[in-house]
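This is what each chain is made of:
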Amino acid sequence: MDADIVIDLINFTLEDTKNMVEALQATRLTHYLFCSSIWAHGRARSLPVTEDCVKEPLDEYGLEKLNCEQYLQEQYRLKGFPATTIMPGQISGPGWNIISPLGNVNPDTFQRIANGEEIFLPNFGMETLHHVHADDVAQVFMNAITHRNQAIGESFHAVADESMTLFGFATAMYRFLGQEPNIKFLPWEKWCEHVKKEEDISSSYYHLARSGHFSMEKAKRLIDFRPRHTTLETVEESVKSYLERNIIKID
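Everything quoted here is computed from the prediction, not taken from an experiment.

The rules behind each value
Residues numbered from 1 in each chain as written. Predicted model: local features only at pLDDT ≥ 70, side-chain atom pairs only at ≥ 80, totals over all residues. Heavy atoms only, no water. Axes fitted to C-alpha atoms, helices over the stretch in contact; angles between N-to-C directions. Helix = DSSP H or I, 4+ residues; strand = E, 2+ residues; numbered from the N terminus. Parallel < 35°, antiparallel > 145°, perpendicular 65-115°, else oblique. Left-handed = near helix turned anticlockwise from the far one by under 90°. Contact = heavy atoms within 4.5 Å. Nonpolar A, V, L, I, M, F, W, Y, C, P; charged D, E, K, R; others polar. 1 Å grid on protein atoms, 1.4 Å probe; cavity = no way out; pocket = protein on both sides within 12 Å on 5 of 7 lines; lining within 4 Å. Points joined across faces, edges and corners; volume = space filled by probe spheres on them. Buried < 20%, exposed > 50% of the residue type's maximum accessible area, 1.4 Å probe, protein only. Arc of directions from axis to C-beta. Expected span 1.5 Å × (residues − 1). Salt bridge = Lys/Arg side-chain N within 4 Å of Asp/Glu carboxyl O. Core = buried A, V, L, I, M, F, W, Y, C linked by side-chain atoms within 4.5 Å. Phe/Tyr/Trp six-rings, centres within 6.5 Å; stacked < 30°, edge-to-face > 60°. Pairing = 2+ DSSP bridges.

## Section: the packing of helix α1 (residues 14–24) against helix α2 (residues 60–79)
Helices that pack against each other are described as a pair by the angle of their axes relative to one another and the distance between those axes.
Item 1. Where α1 meets α2, the axes come as close as 8 Å, and the angle between the chain directions of the two elements is 30°. Taken as axis vectors, α1 and α2 run roughly parallel relative to one another. The crossing of α1 and α2 is right-handed. Touching Leu14, Thr17, Lys18 and Val21 of α1 are Glu64, Asn67, Cys68, Tyr71, Leu72 and Gln75, all from α2.
Item 2. Each residue belonging to the contact of α1 with α2 can be placed in one class, and the counts come to five nonpolar, three polar and two charged.

## Details of the layout of surface pockets
Item 1. Estimates place the volume of the largest pocket at around 460 Å³.
Item 2. Taken together, 21 residues form the lining of the largest pocket, with Ser37, Tyr61, Gly89, Gln90 and Ile91 sitting closest to its centre.
Item 3. Counting only elements with at least two residues in the lining of the largest pocket, the list comes to α2 and β4 (90–92).
Item 4. When residues of the lining of the largest pocket are assigned to their parent elements, the largest contribution, three residues, is made by β4.
Item 5. Residue lining of the second largest pocket: 13 residues in total, with Leu102, Thr109, Arg112, His194 and Val195 positioned closest to the centre.
Item 6. Where the lining of the second largest pocket is concerned, the elements lending two or more residues are α3 (108–114), β5 (119–122) and α7 (188–195).
Item 7. Classifying every residue of the lining of the second largest pocket gives five nonpolar, four polar and four charged.

## Topic: the packing of α7 against helix α8 (residues 198–210)
Item 1. Across the interface, α7 lies against α8 with an axial gap of 10 Å and an inter-helix angle of 145°. The residues of α8 that touch α7, namely those facing Trp188, Trp191, Cys192 and Val195, are Asp200, Ile201, Ser204, Tyr205 and Leu208.
Item 2. In terms of residue class, the contact of α7 with α8 is built from seven nonpolar, one polar and one charged.

## As for α1
Item 1. Within α1, burial applies to Thr17, Val21 and Leu24. For α1, the arc enclosing every buried residue in end-on projection is 80°, short of the 170-degree limit, so these residues lie on one face. Across from the buried face of α1, at angles greater than 90 degrees, the exposed residues are Glu15, Glu22 and Ala23.

## Things to note about helix α4 (residues 134–146)
Item 1. The end-to-end C-alpha distance of α4 is 19 Å, a good match for the 18 Å that 13 residues give at a rise of 1.5 Å each.
Item 2. Restricting attention to buried positions, one finds in α4 the residues Asp136, Val137, Gln139, Val140, Phe141, Asn143, Ala144 and Ile145.

## Some points on the pattern of salt bridges
Working definition: two side chains of opposite charge can pair if their charged atoms are close together.
Item 1. Applying the stated criterion to the full structure yields eight salt bridges.
Item 2. Glu217 is the salt-bridge partner of Lys220, the closest N and O atoms lying 3.8 Å from each other. Of this pair, Lys220 and Glu217 are both found in helix α9 (residues 217–223), three residues apart, which corresponds to roughly one turn of the helix.
Item 3. What makes Glu217 partly exposed here is its relative accessible area of 48%.
Item 4. A salt bridge links Arg226 to Asp224; its shortest N-O distance comes to 3.9 Å.
Item 5. With relative accessibility at 43%, the residue Asp224 sits in the partly exposed group.
Item 6. Each of Asp161, Glu217 and Lys220 takes part in one network of salt bridges that share partners.

## Some details on the nonpolar core
Item 1. Ile98, Phe110, Ile119, Leu121, Phe169, Met173 and Val239 are the most contacted members of the largest nonpolar core, which totals 27 residues.
Item 2. Mapped by element, the contributors of at least two residues to this core are α3, β5, α6 (166–176), β10 (183–186), α7, α8 and α10 (231–244).
Item 3. Among residues more than four places away in sequence, those in contact with Phe110 are Ile98, Ile99, Ser100, Pro101, Phe169, Met173, Leu177, Val239, Tyr242 and Ile248.
Item 4. If you look at the next biggest cluster of nonpolar residues, it comprises 21 residues, including Ile145, Ala151, Ala158 and Phe225.

## A closer look at the packing of aromatic side chains
Item 1. Tallied over the full model, the rule gives 10 aromatic pairs.
Item 2. Both rings, one in Phe110 and one in Tyr242, keep their centres 5.6 Å apart while their planes meet at 85°; by these two values the pair is edge-to-face. Placement of the pair is Phe110 in helix α3 and Tyr242 in helix α10, with a sequence separation of 132 residues.
Item 3. Look at Phe110 and you get buried, because its relative accessible area is 0%.

## Quick look at the environment of Leu47
Item 1. Mapped onto the fold, Leu47 is located in the loop between β2 (31–35) and α2.
Item 2. Each residue touching Leu47, except ones within four places of it in the same chain, is listed here: Gly212 and His213.

## Here's the deal with the sheet that holds strand β8 (residues 155–158)
Item 1. Strand order across the open sheet formed by four strands is β1-β2-β3-β8, with parallel pairing between neighbours. The open sheet has two free edges, formed respectively by β1 (5–8) and β8, since each of these has just one partner strand. On average, each strand axis in the sheet is inclined to that of its neighbour by 20°, with strand direction left out of account.
Item 2. The pairing of β2 with strand β3 (residues 83–88) spans four bridges and is parallel. By the bridge assignment, Phe34 is partnered in β3 with Thr85.

What is shown is where atoms sit, not what they do.
Right, here's the structure in full:
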């Protein structure tokens, strides 16, 4: 197609990235934008987490995204390949299956909250989740394009300004759904026994082990990004969409 700009949302491996770079080098490309993830980060050492901190991914997905980012930065330094990396958080908003206060996408948690039932959070509920509205993710990509000179060779987070603790998230959801908070806590091992479903446990582990609060200062400074949605607004829109789609119901 000989495109001027390529936004790549479906690239998940270093091999695919190398193939993309090779294929695009002989074209008129002026900007290649690679969608990575905050999963390229591992456990946070200090907060807020910045894009250039030490990254030690916890799983293969995050490792591949990190390898892609490093390769693209290398290609920029050595050959001037015009790449930018965008690292979204937990993408949310209408139509998305969002991460719940338990750290996984099982919507049953929201139904129990809507029913006013008791939920159990792992540990003390102080791990954090960093949602982002899909519209704001799109805005980061667009701002990187319109601020090309500042964006090429760089990586940027795409999250809301604030993250939420599991406890804060759960409390807000009870109130949003017209219920009084009914929250208890369990140590991790006991919590896993309570949840039982291995898929949910694994998803929760990888979200909560990373936790973190990811800085948006670099995107604000270099590409003039300003989130249009707070974390709370984002998850409320998402849950409203659950209600509209009958994924959860209020009696």
